[in-house]
Amino acid sequence: MFEELNDLYQQVIMDHSKKPHNFGMLAGANCCARGQNPLCGDQMQIYLKTEDNIVQDLRWEGDGCAIFKASSSLMTDSLKGKTREEVKQLFEEFHALITTGKIVPNHHLGKLEVLSGVNRFPARVKCALLGWRAAMSALEGDQQPVSTE
Amino acid sequence: MNQPPSLSEYRKDFPALHQQVHGHPLIYLDNAATSQKPQVVIDALSRFYQCDNANVHRGIHELSNRASAAFEGTRERAGRFINASHTDEIIFTRGTTESINLVANAWGNQFVKAGDVILLTEMEHHSNIVPWQMLARRTGATLAFLPVTGDDGLLDLSRLDDYLTSKVRLLAFTHISNALGTINPVVELCEQARKRGITTLVDAAQSAGHRRLDVQELGCDFLALSGHKMCGPTGIGLLYGRLDLLETMTPWQGGGDMISSVDYHESTWNKVPHKFEAGTPNIADTIALHTAMDYLDQVGRDRIAEHDLEIGAYAYHQLERLGKVRLFGPRQQRAGLVSFLLHNIHAHDVVTFADQQGVALRGGHHCTQPLMKKLGVSSTSRASFYFYNTTEEVDRMIEVMGGIQKFFGE
């Protein structure tokens, strides 16, 4: 019935949404931020431990749709061990991927590529971005909760 | 004698219903957000701009006379639509939200004082919460909320007496809950408030296009509604207010039309209802609202109400039969909408999947975040029906829901 959705809801995404990685609080976190999508009411919290400009560890908690959960889960996997600059670059690559479907040469997306189908569902872009926006806000030390709006 | 046409025959009047979405026939089940528009309403809009367009209440020329007559004619029609005792009790606004804001300002600023209580219910739409929060901030009044029982979505009327204290100045509540499908006992609530000298406001956004409304029978002091949920255009709605109350209120917006005379330092106000309608009004949409009201009465509001009860009960029952579903709102006597969650599947995913099959649902908090928090959810999926929806469409929706459960392995 839903062939056209197989691209968006790939098995990897279903797996991550059902069993999200790095889920829960992080003891000893030195940056955290809240994220919310005011249109749907979804909320999340992200915790990062940074040292020497490097994301040593990060975890998240919250509840929302499969796209949001899978994206947040995959993001936490891919940000571990990255410098702030690398995180920023990856965010830009990811943003381009899910808003336009375009992949830049020599990219660092790795597993994040499974989310490329989101670009054909404009209403779901903010679901895929919520965790990222919260992570960026935590790294920038922003005290205000981030919003997708 | 001729039988009235079956309700599904009215589908032909709605051009937007006849289209394919993602390769499937559109099944439009988001009527609580906005209804589709019949061709006669669309025609009324273009006819006004093509033939009669002019400003109202100003000109002496022919077109202005026509526009003014049609505009004021809608006021008279709206008065009959809700059985107001006087045409001047109808004030045109942009919709329910603006109507409530009008009361919160023009009535609230004058009559609500520090220490007073504004009583709402736990199932209110943001538009019947936030204007009162702003009024409370301005005046030092506080808000109280009549509790909802739980997933069955009923007001806990056994607590009504405790909540209607001598400090309560206003009771404002929704007639039909957009998030639960609950139909609240307006007559009883207004009567209890009236006995204690408490002013009442009814949010009729979800009921106005779905059943007969008689403000005198309901016994409310104010009633707010939106045109776009009842076959009319967006951007037009109205506030009903009891004439003696409106007479005591001061304007909330200043400008042209709402004055009787203006000096550089002082002005005097026009009479009710014009003193609450500053500036050039939404003329074309108001006139098309007249057509929408005529159209609804041609279909028959009692028939629409009956159809709501039947299709709401049918959808509730079929979802229950599907299983692994959490349903919200009352089991019996519900309005024509169902609010639900498929176990372990988020509403946003449900709505995306349904959309791919041409089924338009709403997923989210339905502008009732406090209620969602109380029920312990962040969102629900909602299917909301109108008289042009059929049980076959409900069956198709259920089939799609079953497909979604399968896809998610539930």
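Rules used throughout
- Residues numbered from 1 in each chain as written.
- Chains lettered and ligands numbered in written order.
- Predicted model: local features only at pLDDT ≥ 70, side-chain atom pairs only at ≥ 80, totals over all residues.
- Heavy atoms only, no water.
- Pairing = 2+ DSSP bridges.
- Helix = DSSP H or I, 4+ residues; strand = E, 2+ residues; numbered from the N terminus.
- 1 Å grid on protein atoms, 1.4 Å probe; cavity = no way out; pocket = protein on both sides within 12 Å on 5 of 7 lines; lining within 4 Å.
- Points joined across faces, edges and corners; volume = space filled by probe spheres on them.
- Nonpolar A, V, L, I, M, F, W, Y, C, P; charged D, E, K, R; others polar.
- Contact = heavy atoms within 4.5 Å.
- Buried area = accessible area lost by both parts, 1.4 Å probe.
- Salt bridge = Lys/Arg side-chain N within 4 Å of Asp/Glu carboxyl O.
- Polar contact = N/O pair within 3.5 Å; in protein donor to acceptor, adjacent residues only side chain to side chain.
- Phe/Tyr/Trp six-rings, centres within 6.5 Å; stacked < 30°, edge-to-face > 60°.
- Lys NZ or Arg CZ within 6 Å of the ring centre and 35° of its normal.
- Domains from an automatic or database assignment.

> Can you help me understand the sheet that holds strand β3 (residues 54–63) of chain A in this one?
Within a sheet, each strand pairs with its neighbour through backbone hydrogen bonds, oriented either parallel or antiparallel. All names here are of chain A. On the basis of which strands lie adjacent, the open sheet formed by 4 strands has the order β3-β2-β1-β4 and mixed pairing. The open sheet terminates on both sides in strands that have one partner only, identified here as β3 and β4 (146–147). In the sheet, strand β1 (residues 31–37) pairs with strand β2 (residues 42–51) via 7 bridges, with the strands oriented antiparallel. Following the sheet pairing, C31 is matched in β2 by L48.

> Would you mind going over the layout of surface pockets with me for this structure?
If you roll a probe as big as a water molecule over the atoms, it shows you where there is empty space left. Quantified by volume, the largest pocket comes out at close to 580 Å³. Listed by contribution, the elements that provide at least two residues to the lining of the largest pocket are α1 (11–18), β2 and α2 (66–79) of chain A together with β14 (337–342), α11 (347–356) and α12 (369–375) of chain B. Looking at the lining of the largest pocket element by element, the count peaks at 3 residues for α12 of chain B. A breakdown of the residues in the lining of the largest pocket according to their chemical character gives 9 nonpolar, 12 polar and 8 charged.

> In this structure, what is going on with the interface of chain A and chain B? I would like to understand it.
Where interface size is given, it is often the accessible area lost as the parts come together that is meant. Taken together, the contacts link 21 residues of chain A with 20 residues of chain B. In total, chain A and chain B occlude about 1700 Å² of area from one another, counting both sides; carbon and sulfur atoms represent 61% of this. When the buried area of chain A at its contact with chain B is split by residue, M1, F2 and C40 of chain A rank highest and sum to 32% of it. Remark: the boundary between chain A and chain B carries 1 salt bridge. For the salt bridge of R124 of chain A with D349 of chain B, the shortest nitrogen-to-oxygen distance reads 2.9 Å. Taken together, the connections running from chain A to chain B amount to 9 residue pairs in polar contact (both at pLDDT 80 or more).

> Any chance you could explain the packing of aromatic side chains here in plain terms?
By convention here, two paired aromatic rings are described through the distance between centres and the angle between planes. Residue and element names in this part refer to chain B. Going through the model one piece at a time under the given rule, you end up with 25 aromatic pairs over all chains. Relative to F407, the ring of F353 has its centre 4.9 Å away and its plane inclined at 65°; by these criteria the two rings are edge-to-face. Here F407 lies in helix α13 (residues 391–407) and F353 lies in helix α11, a separation of 54 residues in the sequence. Geometry around F81 places R301 over its ring, the cationic atom sitting 3.5 Å from the centre.

> Looking at this model, I keep getting lost on the domain arrangement of chain B. Mind explaining?
Residue and element names in this part refer to chain B. When its domains are assigned, chain B resolves into domain 1 (7–30 + 301–407) and domain 2 (43–298). A separation of 28 Å is found between the C-alpha centroids of domain 1 and domain 2. With 32 residues of domain 1 at the contact, the number on the domain 2 side is 34 residues. Of the roughly 2700 Å² buried between domain 1 and domain 2, counting both surfaces, carbon and sulfur atoms make up 54%.

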